[in-house]
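The lines below spell out each chain.
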Amino acid sequence: MILKMDRLPIELPIPKNPSANDAAAIQELLGGKFGEMSTLMNYTFQSFNFRGRKKIRPFYDVIASIAGEEYGHIEVVSYAINLLLTGVTKRGHDPVSGPLADAANARNTYHYIASGQGALPVDSMGNFWNGQNVFSSGNLKLDLLHNFFLECGARGNKMRAYEMVTDPTARTMVGYLLVRGGLHIVAYAKALEKLTGVEVTKLLPIPDLSNNAFPEARKFMDQKLHLQLYTFSQEDYKQAGLIWNGPHPDDGQECVVIEGAIPGYPVPDLEEEPQLNAPGADDFDPQVFADMAKKMGIKYEY
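What you see as residue numbers is a count from 1 along each chain, following the sequence as written. With pLDDT at 70 or above as the cut-off, local features in this predicted model cover only qualifying residues; side-chain atom pairs require 80 or more to be listed or tallied, and sums for whole chains, interfaces and linings still use all residues. In computing side-chain values, all of the structure's heavy atoms are included and hydrogens and water are not.

An unreviewed UniProt entry lists the protein under the name Manganese catalase family protein, from Spirosoma endbachense. UniProt positions are given in the numbering used here, feature names are shortened, and annotations may be inferred rather than shown by experiment. Quoted verbatim from the Sequence similarities (unreviewed entry) field of the UniProt record, the comment on the protein reads "Belongs to the manganese catalase family."

Turning to the nonpolar core, a few remarks are in order. Soluble globular proteins: nonpolar side chains tend toward being buried together. Of all hydrophobic cores here, the largest spans 44 residues; its most connected members are Leu12, Ile26, Val77, Tyr112 and Met173. The numbering of helices and of strands both runs from the N terminus, where a helix is a DSSP run of H or I of at least 4 residues and a strand a run of E of at least 2. Listing elements by their share of this core, those giving two or more residues are helix 1 (20–26), helix 2 (28–31), helix 3 (36–48), helix 4 (57–85), helix 6 (140–164), helix 7 (168–196) and helix 8 (215–222). Take this core: its biggest share by element is eight residues, from helix 4. Should any heavy atoms of two residues lie within 4.5 Å, those residues are counted as being in contact. With residues near it in sequence (within four places) discarded, isoleucine 26 still touches Val77, Ala80, Ile81, Leu84, Val165, Ala170 and Met173. Throughout this description, the term nonpolar core refers to a set of buried Ala, Val, Leu, Ile, Met, Phe, Trp, Tyr and Cys residues connected via side-chain atoms within 4.5 Å. Remark: exposure states derive from per-residue accessible area (1.4 Å probe, protein chains only) relative to the maximum for the residue type, with buried under 20%, exposed over 50%, and partly exposed in between.

What UniProt calls "binding site: Ca(2+)" (unreviewed entry) maps, in this numbering, to Asp61 and Ser233. These residues run over 173 residues, yet every pair of their C-alpha atoms falls within 10.4 Å of each other. Cross-referencing the annotated residues with the largest pocket identifies Ser233 as lining it. Residue placement: aspartate 61 occurs in helix 4. Judged by relative accessible area, which is 1%, aspartate 61 ranks as buried. Apart from the residues within four sequence positions on either side, aspartate 61 is in contact with Tyr237, Lys238, Gln239 and Ala240. Assignment of secondary structure puts serine 233 in the loop between strand 2 (228–230) and strand 3 (256–258). What serine 233 contacts, discounting residues up to four positions off in sequence, is Glu259 and Gly260. Only protein atoms enter the 1 Å grid, on which a cavity is a set of points fitting a 1.4 Å probe that cannot get out and a pocket is an open set with protein on both sides within 12 Å along at least 5 of 7 lines, lining residues being those with an atom within 4 Å of a point.

Across its 29 residues, helix 4 extends 43 Å between first and last C-alpha, which sits within 8% of the 42 Å expected from 1.5 Å per residue. Taken across its 29 residues, helix 4 has 25 buried, putting it largely inside the fold. Phi turns positive one or two residues past the end of helix 4, at glycine 87, with a value near 95 degrees. In this analysis, the expected span of each helix is defined as 1.5 Å times one less than the number of residues it contains.

Let us look at the pattern of salt bridges. Pairs may arise between side chains of opposite charge once their charged atoms sit close together. Salt bridge, as used here, is a side-chain nitrogen of Lys or Arg placed within 4 Å of a carboxyl oxygen of Asp or Glu. Counted under the stated rule, the structure contains eight salt bridges. Close ionic contact of lysine 158 with glutamate 36 constitutes a salt bridge, the shortest N to O distance being 3.8 Å. In this pair, lysine 158 sits in helix 6 while glutamate 36 sits in helix 3, placing the two residues 122 residues apart along the sequence. Residue classification places lysine 158 among the buried residues on the basis of a relative accessible area of 3%. Linked by salt bridges that have partners in common, Arg91, Glu271 and Glu273 make up one network.

Have a look at this one:
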């Protein structure tokens, strides 16, 4: 089970220049072949299907811990997309004025036609993510090798997406994913080394470019987020530390496991988009909830 928190792993800055096309570009990091939907569902199903868990529990704990983190990655990419889409159309109720006229020039019109100017599980061209991207062979060596390759491919796409966008919102998000995705690459490399004796970490980095090249990633490196594997569990997955330990191949600092989740930051409050009938609750009087909350002793603000 997942313990869900109304937080994001990082604080996202508000875009200075919202851009529908920047939002379309980073959709690849959400619903593309190597996107966060793929990493989440690959590791989730591999953890569900894991056999022989009692004997080789540390490998299961690593896969399950990373699967837990990937849910938060889906959230942070989605909110970056949502923020980039906020303010790109003329907000209002009058359809005659054509408030969505600019949407005709956007790369991904699904953001307007199929969504309320929000993220969708699609790639940068609007193709929907599907379960054919999930690989769960049941063979531990093969699954770990696949996961290593998947994270390397994801890193390549993140680097390219970073070079496509310039807004601080998008680049902050990508910088964070480069650091945390880099940790996952090393984690699977270390797992393969423990399982086979092959020194997979000598292949790193793939692609061949340090996170130090990206200013937004460096600040997360300074926070040692490339060293800290979180279990994303209150009590379980502690044996991940039997794999995630020793020096990090990038800088030689010690890898550590932290029980629990990244503390996180408040989720951005997205404004209504009446031209898209979003959220479509114009007749609702929030005083109804305010009166009920007062009786129940629950904090409610509107």
